[in-house]
Amino acid sequence: MAQQTTPDPEHGPEHDAEHDPEHVDVLIVGAGISGIGAAYHLSSRCPERSYLIVEARAAIGGTWDLFRYPGVRSDSDMHTLGYGFAPWLSDVSIADGPAILDYLTETARRYGIDQRIRFHRRVVATDWSSADQRWTVELADPVTGDRSTITCGFLWHCSGYYDAERGYAPEFPGAERVTGRIVHPQHWPEDLDYTGKRVVVIGSGATAITLVPAMTDEAAHVTMLQRSPTYIVSLPKRDPLDTKLRKVLPVRLTYPIVRWKNVLLQMANYQLMQAFPRQARALIRRMTERELPGFDLDTHFTPRYDPWDERLCVVPDGDLFRALRAGTASVVTGQIESFTERGIRLTSGEELEADVVVTATGLNLRMLGGVVPSVDGTPILPRDVMTYRGLMLEGVPNFAYTFGYVNSSWTLRADLVADFVTRLLAHMRDHGYAVAVPVNTDPTVVRRPLLDFTPGYIRRSLDQLPKQGSRSPWTVRMNYPLERLQMKRARVTVGMRFERPRTRVAARAQEASA
């Protein structure tokens, strides 16, 4: 990796090393899959830019370090969830959490990114100074509470879009009466022993369908209690094409082939199911009938919504279906009336006995780690502005955030965001600009919701997200092949206002005269 340099005072506001906070050209927030990818692209395209990554946790990995529940895995294949610049070497395509964490850790080590991470640094406030043309970022150690400050020329949020501190946990009547344990997957206790115990997992999303088969090895029985069904499809843990190609080609050649095959299949699957929902319903039902002959599919496996109105859930090699066929797990569909001393009573009158209750009830959305950016002391709420290409905020200078796909692998879009942001930074370098701020000068642009997607965690927080506009560059397309074509060709100057560097003395004088 190229040698990082100290910012040159001749090309930006002066920096008094003795009295000012530490300063870097680019500050990346988050050392998860987005932050590591951003650091790679930044060091490759803009090696002259100094950068740091600040991470609230004690380790690399983000999501894959946070979640520790049994069987934790991705429901995206690793040929598309993995980076384009770092081939996934394992022959397992649907990988578990520890394997993904090892991949991220090794990628960060290989490119020297791990040397530029500051752990136990939670961002608590950010403010842009137009006079100084820089961000001031306040940090806090989540353990000790110690505060520190760092400044940067460009701020890049790669902290994901959900609350890493608190999962969504609705209040259940009578929960205080339960004699067993109630746990949320986001806060899995290390001392939880469910050997030989009756477990009820509340939920029917990706977390629930992962937990159920994973817990059957030790639990006496696992029941998935769902309020309503979800579309569930089985995919092979090992990609058949990848398996064949690996026999005759090296991984560096097989990886891009399988990656693009999966990208095109994902997009075709999504587009066709959205265009022909009745046929999609019928197809998924036939697949489920083959997996679960004789089961009550109408009650337990027929959702009220159309495919891809919410994300499809994937089970590798049909592990959930195997557990249901074997009788080590079961599915109950109903409404909870209250918790009891023995377990959970439903509105139907049925009572489910449980020694352990797992509330796999979902996530809470939280943009930018819950931090509201300010410009010259004025808070800019994301919900009040439009998103620029789904990666910057209208009116906020030198600021970017990574937001992945909701209908495909997160990393595909994270790579596009990183490519555009580094192209923007390179353009600023080449033309001597210090500031880039997205500005809408077209009064006919109509503001619309950011996402046309209806899972619970989106519905609960959609009004907190930035808006998208009715035309480029204010639109967001959840279509990787199309967006890749557009983003690679997109001019970084469209919809962007640039400013030359100015000295702090001149800026203060200009403010005083105004």
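Scroll up for the structure.
Computed from a predicted structure; not experimentally measured.

## Re the packing of helix α7 (residues 251-275) against helix α8 (residues 277-291)
Part 1 of the argument: Two numbers describe how α7 lies on α8: the axes approach to 5 Å, and their chain directions differ by 115 degrees. Counting all contacts with α7, which are made through Met273, Gln274 and Ala275, the residues of α8 involved are Pro277, Ala280 and Ile284.
Part 2 of the argument: In the contact of α7 with α8, the residues fall into 5 nonpolar, 1 polar and no charged.

## Some thoughts on the packing of helix α5 (residues 206-215) against helix α10 (residues 319-326)
Part 1 of the argument: One can describe the packing of α5 onto α10 by two numbers: an axis separation of 9 Å at closest approach and a directional angle of 50 degrees. In terms of orientation, α5 lies oblique with respect to α10. Where α5 crosses over α10, the two elements pack in a sense that is left-handed. Packed against α5, whose contacting residues are Ile209, Val212 and Pro213, the element α10 presents Asp319, Leu320 and Ala323 at the interface.
Part 2 of the argument: Tallied by class, residues from the contact of α5 with α10 come to 5 nonpolar, no polar and 1 charged.

## A few points about helix α1 (residues 33-45)
Part 1 of the argument: For α1, built from 13 residues, the straight-helix expectation of 18 Å at 1.5 Å per residue is met to within 8% by its first-to-last C-alpha distance of 19 Å.
Part 2 of the argument: All of the buried residues in α1 are Ile33, Ser34, Gly35, Ile36, Gly37, Ala38, Ala39, Tyr40, His41, Leu42 and Ser43.
Part 3 of the argument: Here the buried face of α1 lies against β1 (22-29), β2 (51-54), α3 (78-81), α4 (97-110), β6 (147-157) and α11 (410-431).

## Focus on the packing of aromatic side chains
Part 1 of the argument: If you walk through the whole model with that rule in mind, you get 22 aromatic pairs.
Part 2 of the argument: Here Tyr405 and Tyr480 contribute two aromatic rings whose centre-to-centre distance is 6.2 Å and whose plane-to-plane angle is 85 degrees, an arrangement assigned as edge-to-face. With Tyr405 in the loop between β21 (399-401) and α11 and Tyr480 in helix α13 (residues 480-489), the pair connects residues that are 75 residues apart, well separated along the chain. Across this residue pair, the class does not change: Tyr405 and Tyr480 are buried.
Part 3 of the argument: Three or more aromatic residues joined by ring pairs make a cluster, and in this case those are Tyr40, Tyr83, Phe85, Trp88, Tyr103 and Tyr111.
Part 4 of the argument: The ring centre of Tyr51 lies 5.6 Å from the NZ or CZ of Arg116, which sits over that ring.

Conventions adopted
Residues numbered from 1 in each chain as written. Predicted model: local features only at pLDDT ≥ 70, side-chain atom pairs only at ≥ 80, totals over all residues. Heavy atoms only, no water. Axes fitted to C-alpha atoms, helices over the stretch in contact; angles between N-to-C directions. Helix = DSSP H or I, 4+ residues; strand = E, 2+ residues; numbered from the N terminus. Contact = heavy atoms within 4.5 Å. Nonpolar A, V, L, I, M, F, W, Y, C, P; charged D, E, K, R; others polar. Parallel < 35°, antiparallel > 145°, perpendicular 65-115°, else oblique. Left-handed = near helix turned anticlockwise from the far one by under 90°. Expected span 1.5 Å × (residues − 1). Buried < 20%, exposed > 50% of the residue type's maximum accessible area, 1.4 Å probe, protein only. Phe/Tyr/Trp six-rings, centres within 6.5 Å; stacked < 30°, edge-to-face > 60°. Lys NZ or Arg CZ within 6 Å of the ring centre and 35° of its normal.

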